[in-house]
Amino acid sequence: MTLKELSDLLGLSPTTVSRALNGYPEVSEATRIKVAAAADAHGYAPNTRARALATGRAMAIGHVIPISAKHEMVNPIFADFTAGAGEVYSRNGYDMLMSVVSDQNEKQAYRSFATKRNVDGLIIHAPSLNDERIPFLNDLGLPYVVHGRSSRATAPYAWVDVNNTRAFRRATELLLDLGHTRIALLNGLEHMDFAARRRAGYEAALTARGITPDPALMFSAEMTEAQGHDLTRPLLATSDRPTAILVSSMIMAIGVRRGIEELGLTMGRDVSLITYDDDLSYFRNGSDIPVYTATRSSVRQAGQHAAQLLIDIINGNDSPSELLLEAELTLGTSTGPNRKS
């Protein structure tokens, strides 16, 4: 089916149908829904090359992926985020363009996107506490959305983030309510903004209960299964071991559980564990009853939100440029009262 045939079927002009499919703000929501439904029903797909020529857009969104020595970025969490973003791109007629580069070539990759004009916007991943990409991208002029925040950035930018501080404060408070006072934190790398915010929430909860955070119980590392295991074994081998552990990812928590069990201890009875759960589509936290007590927020949905926010910015829609998602606290079998108190 051609654009003209679809227009005739709907009794609308080709211009209106095209604008409805391209998400122009001057087309009403009712018309957009009507046109999209008809296009789906009759198998109409716009010619992206012609669409790009007509709109002056590349109809693609860029993601720059650094193969980093400073943090592991190509991981299952990133995969689920891009899957969610890709769903939104597809619905809106956009392709995803990825550039895999070394750390030192990351800025050049952004410059290349801008020079070639082969993307209409960018999603920025893994922001640090004072991310120098933000002022750089503001000067570059390409629309972008950051997945996360940069606490020390002073320039304005659009972002989608989870309330990591509140999530880890609530998790720590639950452990305190269960009588635990020696609570270890196995965090991500703390030059990353999300990890710094999680530590802040953990420390705030302890301080509010009159407990001074103990540096000997706080660890910052790559969030891998091996790191979780290797940190847990010596941590629990001491006489004054913690009775609870707060962990920054489900993958790391699997290693923590392995370390607990290798020492002949039982998770939930001898050692309580709370983890952050990105609600990965292929890696669920149990079935009917969650295995882990967790603060949960879907990273796939974060990808959807970030992609839609970016497309709204590209289309000039008047929408908020900041979105803070709240994590829910779900109870599993990995937590219980402090039996040493």
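Residues numbered from 1 in each chain as written. Predicted model: local features only at pLDDT ≥ 70, side-chain atom pairs only at ≥ 80, totals over all residues. Heavy atoms only, no water.

**Structural notes on unusual backbone geometry**
For alanine 126, which is not glycine, the phi torsion reads 55° and is therefore positive. Mapped onto the secondary structure, alanine 126 falls in the loop between strand S3 (121-124) and helix H7 (133-140). Judged by its relative accessible area of 23%, alanine 126 falls in the partly exposed class. Its identity as a non-glycine residue notwithstanding, aspartate 279 has a phi of 55°, on the positive side. Here aspartate 279 is to be found in the loop between strand S9 (272-277) and strand S10 (293-296). Classification of aspartate 279 by relative accessible area gives partly exposed; the value is 21%. (Helix = DSSP H or I, 4+ residues; strand = E, 2+ residues; numbered from the N terminus. Buried < 20%, exposed > 50% of the residue type's maximum accessible area, 1.4 Å probe, protein only.)

**Things to note about the layout of surface pockets**
For the largest pocket, the calculated volume is near 700 Å³. Every residue lining the largest pocket is counted, 36 residues in all, and those nearest its centre are Asn75, Ile77, His147, Phe194 and Met223. Ranked by the residues each element gives to the lining of the largest pocket, the list is headed by helix H5 (residues 76-91), at 4 residues. Shared between two domains, the lining of the largest pocket takes at least three residues from each, and those domains are domain 2 (60-162 + 300-325) and domain 3 (164-296). (1 Å grid on protein atoms, 1.4 Å probe; cavity = no way out; pocket = protein on both sides within 12 Å on 5 of 7 lines; lining within 4 Å. Points joined across faces, edges and corners; volume = space filled by probe spheres on them. Domains from an automatic or database assignment.)

**Notes on the pattern of salt bridges**
By the definition in use, this model includes 24 salt bridges. The partner of arginine 32 in a salt bridge is glutamate 29, with the nearest N and O atoms 2.8 Å apart. A residue pair is termed a helical-turn pair when its members lie 3 or 4 positions apart in one helix, as arginine 32 and glutamate 29 do in helix H3 (residues 29-41) at 3 residues. When its relative accessible area of 22% is taken as the criterion, arginine 32 is described as partly exposed. Classification of glutamate 29 by relative accessible area gives partly exposed; the value is 47%. Salt-bridge contacts for arginine 258 lead to glutamate 225; the nearest nitrogen and oxygen are separated by 2.7 Å. Highlighted residues: arginine 258 in helix H11 (residues 250-262) and glutamate 225 in helix H10 (residues 225-236), separated in sequence by 33 residues. Assessed through its relative accessible area of 33%, arginine 258 is described here as partly exposed. Among the residues examined, glutamate 225 registers a relative accessible area of 24% and is labelled partly exposed. Here the salt bridges share partners, and the residues they tie into one network are Glu225, Arg233, Arg258 and Glu262. (Salt bridge = Lys/Arg side-chain N within 4 Å of Asp/Glu carboxyl O.)

**Here we look at the sheet that holds strand S12 (residues 328-330)**
Across the sheet, 6 strands lie side by side as S7-S6-S8-S9-S10-S12; this open sheet has mixed pairing. Here the strands that pair on one side only, and so sit at the sheet edges, are strand S7 (218-220) and S12. When strand polarity is set aside, the average angle formed by the axes of neighbouring strands in this sheet is 15°. Relative to S10, S9 is paired through 4 bridges, and the arrangement is parallel. Each bridged residue has a counterpart across the sheet, and for aspartate 277 the counterpart in S10 is arginine 296. Docked against the sheet, helix H8 (residues 164-177) engages strand S6 (183-187), strand S8 (244-247), S9, S10 and S12, running at close to 165° with respect to S9. (Pairing = 2+ DSSP bridges. Axes fitted to C-alpha atoms, helices over the stretch in contact; angles between N-to-C directions. Contact = heavy atoms within 4.5 Å.)

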